[in-house]
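# Report on the structure
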Amino acid sequence: MKNNQLKERMAAFAASVRKKPYAAAIAAAAVVLAAVLFFVMGPPQIFSGIFRDQTGLAMVQEGRENAVQKDEERRQVLRVYTNDATGVINPAYASSAGDRAVSAVIFEPLMRKNVDGKLEPVLARQVRMAEDGATCTIQLKKNVRFSDGQALTARDAAFSIAAMCVTEEGSGPYGNIQGVRAFREGAGELPEGIRVTDELTVELAFETPSPDNLRILETKIQERPENLTSGFLPVLQQLSMDGTGTGAYQKVRIRDGSGIRLEANEFYRGKIRDIKAVEFVTYGTYEMGAVIDEQRIDAAFFSAESALFDRFFSAKQFTIYEKPGAGLYYMALNRNNRQLYIPAVRRAIALSIDRDRFAGGNLSAYMVKAEAIGPEDSIYAGSVNMALNKEEAKKLMEEAGGKYGSLKGRLRLPVLAGSKNQEALAKAVKSDLKDIGFDVDIELLDQAAYLQQVYMLQDFDLILSGTGGWDYPSAWDGLAEDMQGLPTACNSNELNEALGELNTAYSEKALTAAWKKAADAAGRQVPVIPLARPKQFLAVSADLSGYRITRYDDFFVNIQDIRVK
């Protein structure tokens, strides 16, 4: 590239930075791992779950029941540590992890994903999505009451969905409902596409049919206020720290204002066993040593970056689980490299990577291995995965070599200098690809050099990146598109056909079949190479049993069923 051409591209890039959040793009493509991973030096200590038990998560460390001591009153209260619960618990506004956890206990959804990622009814009795995806009819269960004793009706469901239409940020399924734009500007009590057809039935009409519209079925339902004459948004805003739900517990006010306390909902339709109250409490980091020693908390989410990491793992009263995140750390390939354009070569690279070496070693506190694009053991993963198989990888390379000629050579992998996490992953890739004939040159670059080489010159063969949302169809569209303008798209008829079916699968049944086809196509064509997923940990007092939570849940989905030993 001539100097003046390079200057023009750099100038255009600089101008676009002022208009668009390219720093965020860079973070997603090059620094995303740094926000959640740190390379742990020294002998590896393993923090990986061994098996997934009845809770829905994999256990990392089993606590000792005899290490827990509680009196009768304390046994009836589940105390949850959170450092970011602000009290904004209305489902339309809750955004922090702590607020979402509180909201999940008070407000129940129409449907909820089970451990396999499939939607199961909670407040919805039946859901019918039209074959063309234009409408969705939701019938509610009978005899469900809010915590104030009022019966759940279709007007409450309509209000709850409309509330999400108002607060949804960016593009999303609520914006696909007819009339949402006018509603957001103050027109009407409900968007045109939300209609109450009888006491227990709501019908949704979509401007844009999309399989992502099924996400609306995960809407948490709150009671509709009696008076909306002052306008929908002003009334909703007044409820940002409040709202009435159908869950087993309801929010009560604490006199001294500390923490958030929930008590049993007397109108709850099911049985509430041992836990009569739930308290979400906050303590300073320096207090937590005494708090843990004195057993003042029963559950807490924490990450490897937390100053409390060692405290929780050394406390014998906690059973600790790993909770995989929705993100995926992967390696993209430059299709302009003739060798990397060949599906057999891409699959050989995927099969040659020993993910247990990093996700089960020094980086086990920060990630779980990923052998498929969608979450493993779910409806999003097919039967063709990318698990380690050195022999198959070598066989694929030999077959491809016989067809296309010698395929061995050097591959360039740019990495931001000082990003220990990327360096660790890059070193693992370098070691593993050597087994199938590739020498990987890891190029440590500062940010300016990384920008120029990767985004301006597109001078790379392999690139580490990451993104989330792989349990939603829209995320998969990116597999057939260039990543942030880089030549990484996989031009495969099989993959494009499968993604086309996924994008027109509007019912849950059709979507499940389409997921499998898309996942299997991705396993064969390898548009990106999955490496790992981020994770956090959940510590639970060892005297508790019967709780359930999946990777998709903000908190326990059945506190009312918990038994205290």
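Since we're looking at a predicted model, the values are computed, not measured. (Residues numbered from 1 in each chain as written. Predicted model: local features only at pLDDT ≥ 70, side-chain atom pairs only at ≥ 80, totals over all residues. Heavy atoms only, no water.)

### With respect to the confidence of the model for the chain
Cut-off, in case you're wondering: Every residue carries a pLDDT, the predictor's confidence in it, which falls somewhere between 0 and 100. The criterion used for residue contact is that any of the two residues' heavy atoms lie within 4.5 Å.
In this model, the chain carries an average pLDDT of 89, and 91% of its residues clear a pLDDT of 70 or more. Across residues 1–44, where pLDDT falls below 50, the model places 69 contacts with residues more than four positions away in sequence or in other chains.

### Things to note about unusual backbone geometry
Basically, it comes down to this: Only runs of H or I of at least four residues qualify as helices and only runs of E of at least two qualify as strands under DSSP, and these elements are numbered from the N terminus. Burial here depends on accessible area, computed with a 1.4 Å probe over protein chains only, as a share of the maximum for the residue type. Under 20% is buried, over 50% is exposed, and the range in between is partly exposed.
For Gln295, which is not a glycine, the phi torsion comes out positive at approximately 55 degrees. Turning to its location among the elements, Gln295 is positioned in the loop between α8 (288–293) and β12 (299–302). Although it is not a glycine, Gln458 adopts a positive phi angle of roughly 55 degrees. Look at Gln458 and you get partly exposed, because its relative accessible area is 26%.

### A word on the packing of helix α10 (residues 343–352) against helix α17 (residues 508–525)
In plain terms, the rule: Axis geometry follows a simple rule: fit a line to the C-alpha atoms, using only the stretch in contact for helices, then measure angles between N-to-C directions, giving values from 0 to 180 degrees. An angle below 35 degrees is treated as roughly parallel, one above 145 as roughly antiparallel, one from 65 to 115 as roughly perpendicular, and anything else as oblique.
At a minimum axis distance of 7 Å, the contact between α10 and α17 shows a crossing angle of 95 degrees. In terms of orientation, α10 lies roughly perpendicular with respect to α17. Across from Pro343, Arg346 and Arg347 in α10, the residues of α17 making contact are Gly523, Arg524 and Gln525.

### Observations regarding the environment of Thr55
Note the following rule: The term polar contact refers here to a pair of N or O atoms within 3.5 Å; inside protein, the definition further demands a hydrogen-donor-capable atom paired with an acceptor-capable atom, and it admits residues adjacent in sequence only when both atoms are side-chain atoms.
For Thr55, the position within the fold is in the loop between α2 (22–31) and β1 (58–61). Residue classification places Thr55 among the buried positions, given a relative accessible area of 3%. Each C-alpha atom of the pair Thr55 and Ser545 lies 8.9 Å from the other, and the pair is 490 residues apart in sequence. With residues near it in sequence (within four places) discarded, Thr55 still touches Tyr321, Tyr547, Arg548 and Ile549. Only 3.2 Å separates the side chain of Thr55 from the backbone nitrogen of Leu57, close enough to count as a polar contact.

### Brief notes about the packing of aromatic side chains
Counted only if it meets this: Only Phe, Tyr and Trp rings are paired, with Trp represented by its six-membered ring, and only when their centres lie within 6.5 Å; those with planes under 30 degrees apart are stacked, over 60 edge-to-face, the remainder tilted. We count a charge as sitting over a ring when the NZ of a lysine or the CZ of an arginine lies within 6 Å of the ring centre and within 35 degrees of the ring normal.
Under the counting rule described, the total for this entry stands at 21 aromatic pairs. A ring pair is formed by Phe280 and Phe555, whose centres lie 5.8 Å apart and whose planes are at 55 degrees; its orientation type is tilted. Taken as a pair, Phe280 in strand β11 (residues 277–281) and Phe555 in the loop between β20 (544–545) and β21 (563–564) lie far apart in primary sequence, 275 residues in all. Like Phe280, the residue Phe555 is buried in the burial classification. Note on Phe309 and Phe537: the rings are 5.7 Å apart at their centroids and 65 degrees apart in plane angle, and the pair reads as edge-to-face. Of this pair, Phe309 sits in helix α9 (residues 309–314) while Phe537 is found in strand β19 (residues 529–541), placing the two residues 228 residues apart along the sequence. The residues Phe309 and Phe537 share a single accessibility class, namely buried. An aromatic cluster is present here, built from Phe47, Phe302, Phe309, Phe312, Phe313, Phe318 and Phe537 joined pairwise through their rings. Against the face of Tyr472 rests Arg215, its NZ or CZ located 4.0 Å from the ring centre.

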